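Here are the chains, one letter per residue:
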Amino acid sequence: MADLDTLVNQVWSPETRRLAREALRCYNAGAFRASIAATWTAVTADIITKLIGLADDGDSTAIPFRTAVTNAQAHGLNREGVKAMQAIEADLLTDAERFELIDAIDAHELSRIQEDRNLCVHPSLRLHGGTYEPHAEVARGHLVVALTALLTHPPTQGSRALDEFKSYICDSSFSPTPAHLQAAFFDRVRSAAQRRIIQLAAKSALLELDPGGLLPAIEHADRMAVALEAFAARNRALVREAVTGQRDKFRTVDGPAQMRALIRFADADYFWDLVDEGLANRLQDLVVQVPVSAPGQLTGVQAITPLALVKSPLVRERLPKLEAHFLAHSWWDQMTVAAAHPDRYFAELIPGYLTQAGAWRVGEQVGQLLVKHAPFLTLGILSAALTAWVENYQCRTANLMETIAVDLWNQTAHLGPARTEAFQNFLTRAREHEGTTAAPGYYTYRALELAFTATP
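Residues numbered from 1 in each chain as written. Predicted model: local features only at pLDDT ≥ 70, side-chain atom pairs only at ≥ 80, totals over all residues. Heavy atoms only, no water.

Details of the side chain of S312
Formally: Only runs of H or I of at least four residues qualify as helices and only runs of E of at least two qualify as strands under DSSP, and these elements are numbered from the N terminus. Type-normalised accessible area, obtained with a 1.4 Å probe on protein chains alone, sets the label of each residue: buried when under 20%, exposed when over 50%, and partly exposed for intermediate values. N or O atoms closer than or at 3.5 Å make up a polar contact, with two conditions inside protein: a donor-capable atom paired with an acceptor-capable one, and, for residues adjacent in sequence, both atoms drawn from side chains. The contact rule is simple, with two residues in contact once any of their heavy atoms fall within 4.5 Å.
Residue placement: S312 occurs in the loop between α18 (301–304) and α19 (313–318). Looking at S312, the relative accessible area reads 2%, which means it is buried. A polar contact is formed between the side chain of S312 and the side chain of D267, at a distance of 2.7 Å. Those residues in contact with S312, other than ones at most four positions away along the chain, are A266 and D267.

Right, dumping it as structure tokens:
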């Protein structure tokens, strides 16, 4: 059941909010006739305010309405003024529907409030005499309808909201902030407009539609995908419906576009609802077409970027060949992917890279990769990495590794005091190794010891 206090506090216009609160107070006091009358007063005041606001904002089609209201107000409280306002009120719901403040169903429901308001204030309308006695449920229902259909929404028309969304996506000042996208293009628009906006975002993000030359189609699709994820946080079912509705069209777009869509939506459950067995096979074939590089051959980041999809549990589940394909690449190529896309999945592979490093500079690069993955490390991964590091001569004795060790200590603060034991074991083992060299004592990681002993 709707919480009336919450809804009243969400009324868009401060002036209308005051009238809505009056209707609620009447309802709570048991004055149901007065509540219905006050509810209709709030409805009329809200529509008039919003339509005049549209005219003030430059909507030429709303200017005649503003003129009519101004002329009626100019007559004042006399016969002509009252007649003019009655004429405006008679067409008010029609005008609100024409300007897309409400839809046809809302207009029908709001008209019931108007009818019951007439019964409440004109008792002579009852055929056999007596006053109209509205039930509590009727008064409450009317107030809920007024609040949810009109009063809590700003004067954003459906077509205008869609046009504003299109313009914002292509704007040079576009911001991918989810909270802003939700507030500007979901929370403040009506449900019908929400659906149209989400459908446009889904279609554009999946099919890479050309936005009339205002923006490159691929960049436009990337922005639409960001907006779609923001909207999914508000209504995931609506986004899922819009995305799955593009299945047949998505099948026919070219392979590179399908690959880019996969990259955009790899972690989005609603995208995988779109992917049936046929599309899954198609996407899997596209991903494994990324060539496996020969040993020692460096593959460019751009060429192997699709392999980063392996970090997603949803991708590994739906495209089962991908992980084996990724692991078939050289570990150097795997590191390149991990460096570009840090993730817990790659963090678990780094101890193996430290074991395999066969040169000082390579050891330093793996150490830097370990620091980059510090936010994803667990105590288990950290301990395994430090063990592999200290047992590999090339890693242990590389010049930069002492500095990297201090960085790793600082970047793993989220693991708390428990990580001290892993670093202490690392120091102990490093000193044991140094004791067997011709010049013992050089690679004992003194700076690391000072760093963690100085930590409170």
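Having seen the structure, we can now continue with the description.
Examining the layout of surface pockets
Rules: Using only the protein atoms, space was sampled on a 1 Å grid; points where a 1.4 Å probe fits but cannot get out form cavities, open sets with protein on both sides within 12 Å along at least five of seven lines form pockets, and lining residues are those with an atom within 4 Å of a point. Grid points are joined across faces, edges and corners, and a volume is the space filled by probe spheres set on the points. Three classes are used: nonpolar for Ala, Val, Leu, Ile, Met, Phe, Trp, Tyr, Cys and Pro, charged for Asp, Glu, Lys and Arg, and polar for all others, with Gly counted as polar.
Considering only enclosed or pocket space, the largest pocket measures out at about 250 Å³ in volume. Surrounding the largest pocket, 16 residues form its lining, I263, R264, F265, A266 and D267 being those nearest its centre. Looking at the lining of the largest pocket, the elements that each hand over two or more residues are α12 (217–232) and α15 (255–264). Across the lining of the largest pocket, the residue classes break down as nine nonpolar, three polar and four charged.

Focus on the confidence of the model for the chain
Just so we agree on the cut-off: Per-residue confidence from the predictor is reported as pLDDT, which spans 0 to 100.
Per-residue confidence for the chain gives a mean pLDDT of 87, with 92% of residues at or over 70. When the criterion is pLDDT under 50, residues 294–299 qualifies, and its contacts beyond four places in sequence or with other chains add up to nine contacts.

Looking at unusual backbone geometry
Located in the positive-phi region is E208, a residue other than glycine, with phi close to 55°. With respect to the element layout, E208 can be found in the loop between α11 (191–207) and α12. Positioned with a positive phi, Y445 is a non-glycine residue whose angle comes to about 55°. Assignment of secondary structure puts Y445 in the loop between α28 (419–434) and α29 (446–454). A residue is classified by how much of its surface remains accessible, and Y445, at 0% relative accessible area, is buried.

A closer look at the packing of helix α25 (residues 379–391) against helix α27 (residues 401–411)
Helix packing for two helices is described by the angle between their axes and how far apart those axes are. Definition in use: Note on definitions: angles span 0 to 180 degrees between N-to-C directions of axes, and those axes are lines fitted to C-alpha atoms, for helices only across the stretch in contact. Roughly parallel means an angle under 35 degrees; roughly antiparallel, over 145; roughly perpendicular, 65 to 115; everything else is oblique.
The geometry of α25 relative to α27 is characterised by a closest axis approach of 13 Å and an angle of 170° between their N-to-C directions. One finds that α25 runs roughly antiparallel with respect to α27. On α27, the residues touching L382, L386 and W389 of α25 are M401, I404, A405 and L408. Per-class residue counts for the contact of α25 with α27 are seven nonpolar, no polar and no charged.

Describing the pattern of salt bridges
Put simply, the rule reads: Salt bridge, as used here, is a side-chain nitrogen of Lys or Arg placed within 4 Å of a carboxyl oxygen of Asp or Glu.
This structure, assessed with the given rule, holds 23 salt bridges. Taking the shortest distance from any N to any O, the salt bridge between D56 and R66 comes out at 2.7 Å. Of this pair, D56 sits in helix α3 (residues 32–56) while R66 is found in helix α4 (residues 63–75), placing the two residues ten residues apart along the sequence. R361 is the salt-bridge partner of E364, the closest N and O atoms lying 2.7 Å from each other.

Quick word on the packing of aromatic side chains
Selection rule: Aromatic pairs are defined between Phe, Tyr and Trp rings, using the six-membered ring for Trp, whenever the two ring centres lie within 6.5 Å; interplanar angles under 30 degrees are classed as stacked, those over 60 as edge-to-face, and all others as tilted.
As enumerated under the stated definition, the model contains 20 aromatic pairs in all. Measuring from centroid to centroid gives 5.7 Å for F326 and F346, while their planes differ by 55°, and the two rings are tilted. Note that F326 is positioned in helix α20 (residues 321–328) and F346 in helix α22 (residues 344–347), a separation of 20 residues in sequence. For F326, a relative accessible area of 1% corresponds to the buried category. Overall, F346 belongs to the buried group, its relative accessible area being 0%. An angle of 75° between the planes, with centres 5.0 Å apart, marks the rings of F426 and Y445 as edge-to-face. Of the two residues, F426 sits in helix α28 while Y445 sits in the loop between α28 and α29, which places them 19 residues apart along the sequence.

Focus on α25
For clarity, the cut-off: In this analysis, the expected span of each helix is defined as 1.5 Å times one less than the number of residues it contains.
A rise of 1.5 Å per residue sets the reference length of α25, with its 13 residues, at 18 Å; its end C-alpha atoms lie 18 Å apart and thus fit the reference within 8%. Along α25, the residues classified as buried are I381, L382, A385, L386, A388, W389 and V390. On its buried face, α25 sits against α22, α23 (350–356), α24 (360–372), α26 (393–396), α27 and α28.

Comments concerning the environment of T355
Here T355 lies in helix α23. For the pair T355 and N392, spaced 37 residues apart in sequence, the C-alpha separation works out to 6.1 Å. Excluding its chain neighbours within four sequence positions, the residues that come into contact with T355 are A388 and N392.

So, the nonpolar core
The condition that has to hold: Nonpolar cores are built from buried Ala, Val, Leu, Ile, Met, Phe, Trp, Tyr and Cys residues. Side-chain atoms within 4.5 Å join them into one set.
Judged by nonpolar contacts, the single largest core of 98 residues is most densely connected at F231, F271, W389 and L448. Apart from the residues lying within four places of it in its own chain, the contact partners of F231 are F165, L181, F185, F186, I197, I198 and V239. V11, I47, A107 and L151 belong to the second-largest nonpolar core, a separate cluster that totals 43 residues.

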